[in-house]
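Residues per chain, in single letters:
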Amino acid sequence: MDLLGAGVPTALAVSSQIAIGTSNGLVLVFGAGQALKWCLSSVAAGAKYGPVSALSFNVDCTRLLCAFSKGQITMWDLTNGKLLRSIDSAHMPDAGIVSVRFTDDRTMAVSSDTRGAVFEMKFRHLIGKRTCESQCLFSGVRGGICVVEPLRMQNFIPDFVDGVVQIVAMASQNRAVIVAVRPQFKIVHFQDLSGDSGSFPSLAWQGLSMKTGSSMAQPALAIAKDQTIRIVQVFCEDADDVKVSDFQEVRVSFELLSISWVYPNTMIVLDVHEVAHVLDVNSGEELEFIDLTDIGFVYDVNICDCSTERGSPEIGSLVMKRLCSQSFVTSDGQLFILGSKGIHVLMLRSWSDRLDLLVRHGCYDAALDLAMSFYDGTAKAVLGLTGSKDKRRDTVIVKVISLLDSFVDLSMTRFSPSHGKVELLETHYQKVVSVCVETCLHVRKLDFLFGRVYEKFAEDVIAKDVFLECLEPYILKDELKHIAPVVMKDFLVHYESKGMLSAVDACIVHLDITNLDTKEIIDHCWEYRLYDALIYVYNRGLHDYVTPLGRLLSRLAQSLETESPLTKDHAQLGNKVLVYISCCLCGRSYPLDDLPSDLVIPVRDGVLECLAVDEVDEHGKSGKNFPHLRTLVDFGAREFFNVLELAFDVDDLEMDKRQSIVDKILEMMVEDTKFTATQFGALFTFLARQMGRHDRSITVDTVLFDRVLESLCAAKENLRHEECQQALIELLDTDHLNNFERNRLIAHAESAHFFRVCEKLYTLNREFDMVLPCYWNDSARQGITFKYILENLSGTSLTDVERAKIRVKVIENFDRLVKINSRESAKLVLLGYIGDLRQVAKQLMKKEAELFSFLHNVYEFHSNNPETVDFVVKDLEGEPAVLEKYIEMMCRKSPEEIVGFLKSNEGYRLEETMDICQRYQVIDAVVYLKEEAEDFEGAFDILLQKLQSGLDAMDRNGAKVAAAERANDVIVQFLQKNSFRINSSQRELFWFSNLKAIMTAQENLRLLLKASREKLYAGCAVDQAKKDFSTSNGISRGLESGVRLTNGGTILAYDEALQSLNKMMHRVIDAMMTYFPMQLILQRVLSNPAYVSGTFGELKDLLLGVLDSTVYETTLINTCALLANKDIHDRLTSLVGTASRGVFPERGRCRLCSVSTAMVHEKESVVCFQCGHSYHYACLSDASALAELPEGQRVWKCMQCDRRFRPGALRPRKMSESVTSSALSSVERQAQVSSFKAVRKSLKSPSKFQMLLQLKENPEGGRAPRLVHCERFGLRVTAPPPPP
């Protein structure tokens, strides 16, 4: 290009030849051998028309259209290199050509320019003259067309409507349009495009097969913009019927620049970063990508550089930045990319080349996986694999066999570990064998696996062993069902040498044995005890189902006679035999699948005959009767009868065969005394179920059945108890035991502890009282005993006599019920179902645990339901001995609940109860009882003694303060509650004794503290020590200063205890101020030696506490006075307002004379009441309407409202006058009057004035009584506690 002066490449077209347009207007055409064939146009033409902007070959590659950036289009004959046409009027002047494309019709092409317009060009050759007619398809006024792509189906569907229909796809920034240009212009489809406004649309046609599976290809258009590719299919049945339907949508994670098909369902797309991506269209999966930034990608920027300003600015900017349709071209599965220095070709490898590439890199695993995807038809972008499905698979199999052969050779040599442990080599061979087996199974080439592959592995001992062991999982999963006889023999020998015969047993039942030596396999199975395999070979290979059963039962019988207990192998043999019998009797094949329908009945009959064989062993000698049945019962009676039960459930099993088996089993077991009770239990359960299910079809001799039942019930060993019991219940439900004596059945059931059976039999006899033991003796059903009692006693189904028997039974065994559930037992009595409470309690007196539990629940239920059962519990108060017994047990078990019980109950004797509590040292209860007996002194002495004990403990160890504080609080509460019940001397003695005890403790503790401090001061400077330890925090400061003292902790404890005593003292004094003058309390306190000789600091806290209490009481009294004054003021304000309110007469007439009060003489007065009634003064005077008040004043009364002036009104009488009936005596009248006054007094509450007047009274001692003397007064005047 440099030699020709062509400039840089600008456009590319590829067909059977390659054409390259340049920036200087030249077009270089290369042939198939890449030799330059033609150099078209000239540099002068390039200077005139600009760079080449687009190129296009026709269908047979004999014509070339060349478009220039200044609007010129030329057509060249590629057979001789001559210019055929020079077209300068196809587009608007000075509009640059963006794209030019031949259609399938050689005489038609379409082009687009920078204005966004699209033109159709028709070429004609008439009488030696070549012409071109141009017709505008889209003007670009409403949106410039960015890209145009005509449908050229001759490339991949040569017979598509025989060229009659010409379809063109075009796209603007926002919309894609498909139009039919011929036979007539028609818009077939349009679709809106979304995405970034700066992204460039791209179009590409391809022939695709429909998703419905049709082999016929239909044209499909890929429309790409931003990150979305939409594919639509075009269907053209005839020239006038063109339809378009959506085919698929693919979304990618990058912004698209251009797209191009390389093969059906495979597409190469270019993103804005010049990275090419290979996409599988069906799945949308990205298969590969390659970076093209280094090739100097050519964009069509010269178009806009040479076009005039009249071009579309929108299209011009897009073309300048993104147009590369002339540089990204595909042809015959190859992608041609125009670079600044040359043409680059990308192509997809064929399927075999892809495999060979992986092999060259040593990736055999990946190559085999890829080959399997070719075989399955799931691979993407498969090239070169043609033909039908079977033909393609055959082709792939040949390649797979070759790959696998090479892989095995290399795995045994070059890929094999050359050093290391044996385990490393075994792991390597396991991976290789797994690949070989899975691949051969996949392509169904087992002959190659057990031929060539096995021969190579057999050359190495380790490899051979690994190969044989790797077959096992595939056999067990039924993936490998055929093994070559040679390999099978080596398989058995290897597993025998490894002691893994159980694995062989499991594997053989999954193999197809038609190709194996049956006799040899059977011999091996007997020799190595491969019982599953033996049964499988007999059944599948010889179609014999009876012989293996007889031989296995004979071997099991020998084991039972010689071994006790059975070895693990023989136990497994017995279980396998039972499973085999079950399968044969139920129409199943052992161990899997179903029997063929024609073999079900013969196999079942043969197995039953084998089981019922009599007196013949495997050697033909006479033996025990029914040896096979005896063997199965001896091995596992329950399991054997379960197997028979499953077989008997089959509908088509004849009844006579069922009966025959049952008779033989009964004959065998009843006549032999060696069978255990467990075996009889299993037999009984089996018979009971069979008799119940088949509605007497199975019959059992009564004597034999009775002997079975008797043997079962007489057994002492642990049986399958519940199962036998349920079976007997089922028999009772089906009336099969009507011939048996019911009492005998009851006796048997009680002996065997069949309580549910006993319940059913007693219920049938209507002995409901006897049902109760069936519940409480049955540990699993004890809890529902009470439900049964309640249902029967509260229901109507029982007679009175039957209910009475139940009550008697319950009372006689009430202690048993209490043991089961004392709460429910208490409810039975309290709700009135059973006896009375006193009777039951007296009955339980000798059983302390039951009595305590019962009474505890009685009183708990009473506390939750007081109204319901109060009268019942009150009845117990008539039995003090019972209550005292309960109190005694409470003292032992829950002493903290005694006081609450004593407070809420009566009926106990004080002295006896007090002795009990004293004996068990329940101090709180003793105090309460002494208080109830009004022995206040004794109660106080006990409390004071407890307080003194707590104070003494504080003296010995200053840290123990909690017990003393609790004791002091109890005393204060006791004295506050009882101070008004004792005389003044006792009150003073009790309070001041409590105070004295605390003050004495304070004095003793101060002495201890002083002594400890003096001891602490020894050995150090006195001034420094006094400074450090003068306060409670001095200890820590002394320690910080470096003084090492051993009793510093003791001083701190004493100091804390002293602070607690001060709080206790303030508590007592605050409470005493309610009952004693302040002067008396201070006098007693200050007379104490501790305070007489103490400092002011020791008295400060006490005096401040007293002052706080005084201030609090003063504030309280002042507040009460203010409240009372406010009430008086509010009342007076209301009265004044009522008196000052104006009155409006209702009718304006006198109520007595009915004359208008408005027409009166000036000197005549009118009286108007607040009720609205008005009268003449003279009328009221004549009617004597004056009433006299107690103070001597006289006021008017309304004649209408006052009841004394109503017609027929009685004169008010006093209470004593209202009951003057002759029937009442004077004493009775006086009693009624007194009662009436008492009621009025109790309902009358004290007024605030009365409470305040109490403050002015001066009773004994010359001291005003305190407001809290009244017990009904709700406020408490105790001063608040001092702030911390």
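Here is what the cut-offs are and how they apply
Residues numbered from 1 in each chain as written. Predicted model: local features only at pLDDT ≥ 70, side-chain atom pairs only at ≥ 80, totals over all residues. Heavy atoms only, no water. Pairing = 2+ DSSP bridges. Helix = DSSP H or I, 4+ residues; strand = E, 2+ residues; numbered from the N terminus. Axes fitted to C-alpha atoms, helices over the stretch in contact; angles between N-to-C directions. Parallel < 35°, antiparallel > 145°, perpendicular 65-115°, else oblique. Contact = heavy atoms within 4.5 Å. Nonpolar A, V, L, I, M, F, W, Y, C, P; charged D, E, K, R; others polar. Polar contact = N/O pair within 3.5 Å; in protein donor to acceptor, adjacent residues only side chain to side chain. pLDDT = per-residue confidence, 0-100.

A. Quick look at the sheet that holds strand β9 (residues 97–102). Read across the open sheet, the 4 strands follow the order β9-β10-β11-β12; overall the sheet is antiparallel. The open sheet has two free edges, formed respectively by β9 and β12 (129–138), since each of these has just one partner strand. On average, adjacent strands in this sheet sit at an angle of 25° to one another, irrespective of strand direction. As defined by bridge partners, β9 adjoins strand β10 (residues 108–113) across 5 bridges and the pair is classed as antiparallel. Residue pairing for β10: Ser99 is matched across the bridge by Ser112.

B. Structural context of the packing of helix α9 (residues 461–476) against helix α10 (residues 485–497). Where α9 contacts α10, the axes come no closer than 10 Å and their chain directions differ by 95°. It follows from the interaxial angle that α9 and α10 lie roughly perpendicular. Between α9 and α10, the contacting residues are Lys464, Asp465, Leu468, Glu469, Leu471 and Glu472 on the first element and Val487, Asp490, Phe491, His494 and Tyr495 on the second. Residue composition of the contact of α9 with α10, by class: 5 nonpolar, 1 polar and 5 charged.

C. Looking closely at the environment of Ser53. You can see Ser53 is positioned in strand β5 (residues 52–57). For the pair formed by Ser53 and Gln326, sequence separation is 273 residues and the distance between their alpha carbons is 7.8 Å. A distance of 2.7 Å separates a polar atom in the side chain of Ser53 from the backbone oxygen of Ile97.

D. Region of the structure containing the packing of helix α4 (residues 351–360) against helix α6 (residues 389–412). In contact at an axis separation of 12 Å, α4 and α6 are set at 10° when each is read in the N-to-C sense. Here α4 lies roughly parallel to α6, going by the angle between them. Across the interface between the two elements, Trp351, Leu355, Asp356 and Val359 from α4 touch Thr395, Val396, Lys399 and Leu403 from α6. Considered class by class, the residues forming the contact of α4 with α6 number 5 nonpolar, 1 polar and 2 charged.

E. Representation of the confidence of the model for the protein chain within the structure. Averaged over all residues, the pLDDT of the protein chain equals 79, while 81% of them reach at least 70. A low-confidence stretch, residues 316–320 (pLDDT under 50), is modelled with 14 contacts involving residues beyond four sequence positions or located in other chains. Across residues 617–623, confidence stays below pLDDT 50; counting only partners more than four residues off in sequence or on other chains, it has 7 contacts.

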